[in-house]
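# Close look at the chain arrangement
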Amino acid sequence: SIDIRDRLGMWRFPDYQVAALERAFKIFKEYQPPPYDGDILLIRARTQTLFPVRVAPDMGWRSIVSGAVTIRDVAGSHETILQEPLVEGVAAVLREQVDRVMSEGTSRSKP
């Protein structure tokens, strides 16, 4: 049997975590998300370190989202974007998105 760490190219996982990694990989591989009727904002980490494989720029979201997929990159990696000081980049993107949606809502309600 091939070690899951070889398959993923991720040897930083110690032996005692291999079973959990195999379960997570199986779930990840088999999960089929339902369609989403709307727009999404995809915040991506500039440094992709979790899975060293090529991924589509939209990370597969366009296949299930009927609306727009807005992609914004922020500094950091999967593991660090929600840690100080990099979380500020995520907060700025979210703030900008909320402001945009709120101003669109205000514009629509005016005669």
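The rules behind each value
- Residues numbered from 1 in each chain as written.
- Predicted model: local features only at pLDDT ≥ 70, side-chain atom pairs only at ≥ 80, totals over all residues.
- Heavy atoms only, no water.
- Helix = DSSP H or I, 4+ residues; strand = E, 2+ residues; numbered from the N terminus.
- Buried < 20%, exposed > 50% of the residue type's maximum accessible area, 1.4 Å probe, protein only.
- Contact = heavy atoms within 4.5 Å.
- Polar contact = N/O pair within 3.5 Å; in protein donor to acceptor, adjacent residues only side chain to side chain.
- Patch = residues over 30% accessible without salt bridge, like charges linked within 9 Å, V, L, I, M, F, W, Y side chains within 5 Å.
- Areas by Shrake-Rupley, 256 points an atom, 1.4 Å probe, with all protein chains shown as cover.
- Salt bridge = Lys/Arg side-chain N within 4 Å of Asp/Glu carboxyl O.

### Looking at the overall build of the protein chain
In terms of helices and strands, the protein chain carries three helices and two strands. Ordering the α and β elements of the protein chain from the N terminus gives α-α-β-β-α. The buried share of the protein chain, reckoned over its 111 residues, is 20%. Counted over contacts in the protein chain with a minimum sequence separation of 6, partners at least 24 positions apart contribute 59%.

### Things to note about the environment of Leu42
Within the element layout of this structure, Leu42 appears in strand β1 (residues 40-47). Sequence separation between Leu42 and Asp58 is 16 residues, and the spatial gap between their C-alpha atoms is 7.6 Å. When neighbours within four sequence positions are excluded, Leu42 is seen to be in contact with Pro57, Asp58, Met59, Trp61, Thr70, Ile71 and Arg72.

### Comments concerning the environment of Thr47
Relative to the helices and strands, Thr47 resides in strand β1. Considering only alpha carbons, one finds Thr47 and His78, 31 residues apart in sequence, at a separation of 7.4 Å. Discounting chain neighbours no more than four positions away, the residues touching Thr47 are Gly76, Ser77 and His78.

### Focus: the side chain of Asp58
Note that Asp58 resides in the loop between β1 and β2 (69-77). Side-chain polar atoms of Asp58 contact the backbone nitrogen of Arg62, separated by 3.4 Å. Every residue in contact with Asp58, bar those within four places of it in the chain, is listed here: Leu42 and Ile71.

### Some details on a nonpolar patch on the surface
Residues Val55, Met59 and Trp61 make up a contiguous nonpolar surface patch of roughly 270 Å² in combined accessible area. Mapped onto the elements, Met59 comes out in the loop between β1 and β2. Accessibility expressed as a relative area gives 34% for Met59, which makes it partly exposed.

### Topic: unusual backbone geometry
Leaving glycine out, the prevailing phi sign among residues is negative, and the prevailing peptide bond configuration is trans. Along the chain, Glu84 connects to Pro85 via a cis peptide bond; the corresponding omega equals 0 degrees. Within the element layout of this structure, Pro85 appears in the loop between β2 and α3 (87-109). Residue Met59 is not a glycine yet carries a positive backbone phi of 55 degrees.

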